[in-house]
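What follows is the residue order along each chain.
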Amino acid sequence: MGLAKRIIPCLDVKDGETVKGTNFVNLRSAGDPVELGKAYSLQGADELVFLDITASFEGRKTFTEMVTRVAKEVNIPFTVGGGINELCDVERLLAAGADKISINSAAIRRPELINEITSRFGSQVCVVAIDARLDADGWHCYLKGGRERTERGLFEWAHEAQERGAGEILFTSMNHDGVKNGYANEALARLSEELNIPIIASGGAGCKEHFRDVFKLGHADAALAASVFHFGEIPIPELKQYLTKEGINVRL
């Protein structure tokens, strides 16, 4: 059956609390990140992603102390992103308890950062997050939490990230984020076909069928979601039972 597909809750953190929005705006509170992280670890989530969503925009460093508090409460792989611009940021977050780090804006601005991280810490530590939107002229990458368009195309940038040593790609479709109409399965299927590193899908989960489709149609290796988990719409154990019945290999 191949490797088990992973279910990954995502904590988008702003000013010390978990938030969730739609298309990267209209944020609302979703609770305490430490409590949510602990609950997801107990519920059987495969990994946890923690993103300080305004760190790059505000030029701040990720809230290290909160990372330490979350890490103490979870016993699953823990990825942290937001405001990581240099190797000392990576060292600080790994020391605080992160297992992997996620870089986005900094990697597009200075792609060599991927090489530096992977040569120092190994590919398995480096997740390259890509926020992209399907515009009239194709898929384009965006910076600063979706505020700034670049001329980098989704697919060519994903290829370069892989070549530079990234261990995984975390692709968020801005068109699908928070809308709950399903993931960007066509783009995901193309990424999965063209790359040989794992692809984490993000943006669009609204019901259990969307998770089935992202694995069967989008060929994603992992599905990340936020609001459907934060607001109790889809309990993780129930989701995994459903996926098993649909013939998808997940860890129960």
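Description of the structure in this document.

1. Comments concerning unusual backbone geometry
Item 1. If you check the backbone angles, lysine 180 has positive phi at about 65 degrees while not being a glycine.
Item 2. Notably, histidine 219 is not glycine yet its phi reads approximately 55 degrees, a positive angle.
Item 3. Mapped onto the elements, histidine 219 comes out in the loop between helix 9 (208-216) and strand 12 (222-225).
Item 4. Note on histidine 219: relative accessible area 44%, which makes it partly exposed.

2. Structural notes on the side chain of arginine 152
Item 1. Mapped onto the elements, arginine 152 comes out in strand 9 (residues 148-153).
Item 2. By relative accessible area, arginine 152 is classed as buried at 19%.
Item 3. A polar atom in the side chain of arginine 152 sits 3.0 Å from the side chain of glutamate 156.
Item 4. Non-local contacts of arginine 152, meaning those with residues more than four positions away in its chain, are made with Ile108, Trp139, His140, Cys141, Trp157 and Glu160.

3. A few points about the pattern of salt bridges
Item 1. One pass over the structure, following the stated rule, counts 21 salt bridges.
Item 2. For the salt bridge of aspartate 135 with arginine 133, the shortest nitrogen-to-oxygen distance reads 2.8 Å.
Item 3. Residue classification places arginine 133 among the partly exposed residues on the basis of a relative accessible area of 33%.
Item 4. Overlapping salt bridges, with partners in common, bring together Arg133, Asp135, Asp137, Arg149 and Glu151 in one network.

4. Observations regarding the packing of aromatic side chains
Item 1. Overall, the coordinates contain 5 aromatic pairs when judged by the stated rule.
Item 2. On the numbers, 5.4 Å between centres and 80 degrees between planes, the contact of tryptophan 139 with phenylalanine 171 is edge-to-face. Here phenylalanine 171 lies in strand 10 (residues 168-173) and tryptophan 139 lies in strand 8 (residues 138-143), a separation of 32 residues in the sequence. Both residues of the pair, tryptophan 139 and phenylalanine 171, count as buried.
Item 3. When the ring centre of phenylalanine 155 is taken as origin, the NZ or CZ atom of arginine 190, which lies over that ring, is 3.7 Å away.

5. Side note on the state of the cysteines
Item 1. One pass over the full model with this rule turns up 0 disulfides.
Item 2. Sulfur of cysteine 141: no disulfide; nearest cysteine sulfur belongs to cysteine 126 and is 15 Å away.
Item 3. By relative accessible area, which is 0% here, cysteine 141 ends up buried.
Item 4. Take cysteine 207: it sits in no disulfide, and the sulfur closest to it among the cysteines is that of cysteine 10, at 19 Å.

6. Some thoughts on the packing of helix 9 against helix 11 (residues 236-245)
For any two helices packed against each other, one specifies the crossing angle of their axes together with the interaxial distance.
Item 1. The N-to-C vectors of helix 9 and helix 11 enclose an angle of 50 degrees; their axes lie 10 Å apart at closest approach. With respect to helix 11, the axis of helix 9 lies oblique. Handedness of the crossing formed by helix 9 with helix 11: right-handed. Contacts between helix 9 and helix 11 involve Lys208, Glu209, Phe211, Arg212 and Phe215 from the first element and Glu238, Leu239, Tyr242 and Leu243 from the second.

7. A short note on the nonpolar core
Item 1. Counting 72 residues, the largest nonpolar core has Ile103, Val128, Phe171 and Phe211 as its most contacted members.
Item 2. Counting residues per element, this core draws most heavily on helix 7 (residues 154-163), which supplies 5 residues.
Item 3. The residues contacting valine 128, other than those within four sequence positions of it, are Ile103, Ile114, Trp157, Ala161, Ala166, Glu168, Ile169 and Leu170.
Item 4. The next biggest cluster of nonpolar side chains, apart from the first, holds 10 residues, and it includes Ile8, Leu51, Ile200 and Leu224.

Cut-offs used in this document
Position labels on residues start from 1 in each chain and follow its written sequence. The predicted nature of this model means local features are confined to residues of pLDDT at least 70 and side-chain atom pairs, given and counted, to a pLDDT of 80 or more, with totals for whole chains, interfaces and linings taken over all residues. Working from all heavy atoms in the structure, the side-chain values ignore hydrogens and water. Strands here are runs of E lasting at least two residues and helices are runs of H or I lasting at least four, both read from the DSSP assignment and numbered beginning at the N terminus. Remark: exposure states derive from per-residue accessible area (1.4 Å probe, protein chains only) relative to the maximum for the residue type, with buried under 20%, exposed over 50%, and partly exposed in between. Any pair of N or O atoms that falls within 3.5 Å is considered a polar contact. Within protein, one atom must be able to donate a hydrogen and the other to accept it, and sequence-neighbouring residues count only if both atoms are side-chain atoms. The contact rule is simple, with two residues in contact once any of their heavy atoms fall within 4.5 Å. By salt bridge we mean one thing: a side-chain nitrogen of Lys or Arg within 4 Å of a carboxyl oxygen of Asp or Glu. Between the rings of Phe, Tyr and Trp (Trp by its six-membered ring), a pair exists once the centres lie within 6.5 Å; its type follows the angle of the planes, with under 30 degrees stacked, over 60 edge-to-face, and the other angles tilted. The rule is short: NZ of Lys or CZ of Arg within 6 Å of the ring centre and within 35 degrees of the ring normal puts a charge over the ring. When two cysteine sulfur atoms lie within 2.5 Å, the pair is treated as a disulfide. For helices, the axis comes from a line fit to the C-alpha atoms of the stretch in contact; other axes are also lines fit to C-alpha atoms, and the angle between any two N-to-C directions lies between 0 and 180 degrees. We call two directions roughly parallel when the angle between them is under 35 degrees, roughly antiparallel when it is over 145, roughly perpendicular when it lies between 65 and 115, and oblique otherwise. Helix crossings are classified by the rotation of the near helix relative to the far one: an anticlockwise turn of less than a right angle makes the crossing left-handed, while a clockwise turn makes it right-handed. In this text, buried Ala, Val, Leu, Ile, Met, Phe, Trp, Tyr and Cys residues form a nonpolar core when linked through side-chain atoms within 4.5 Å.

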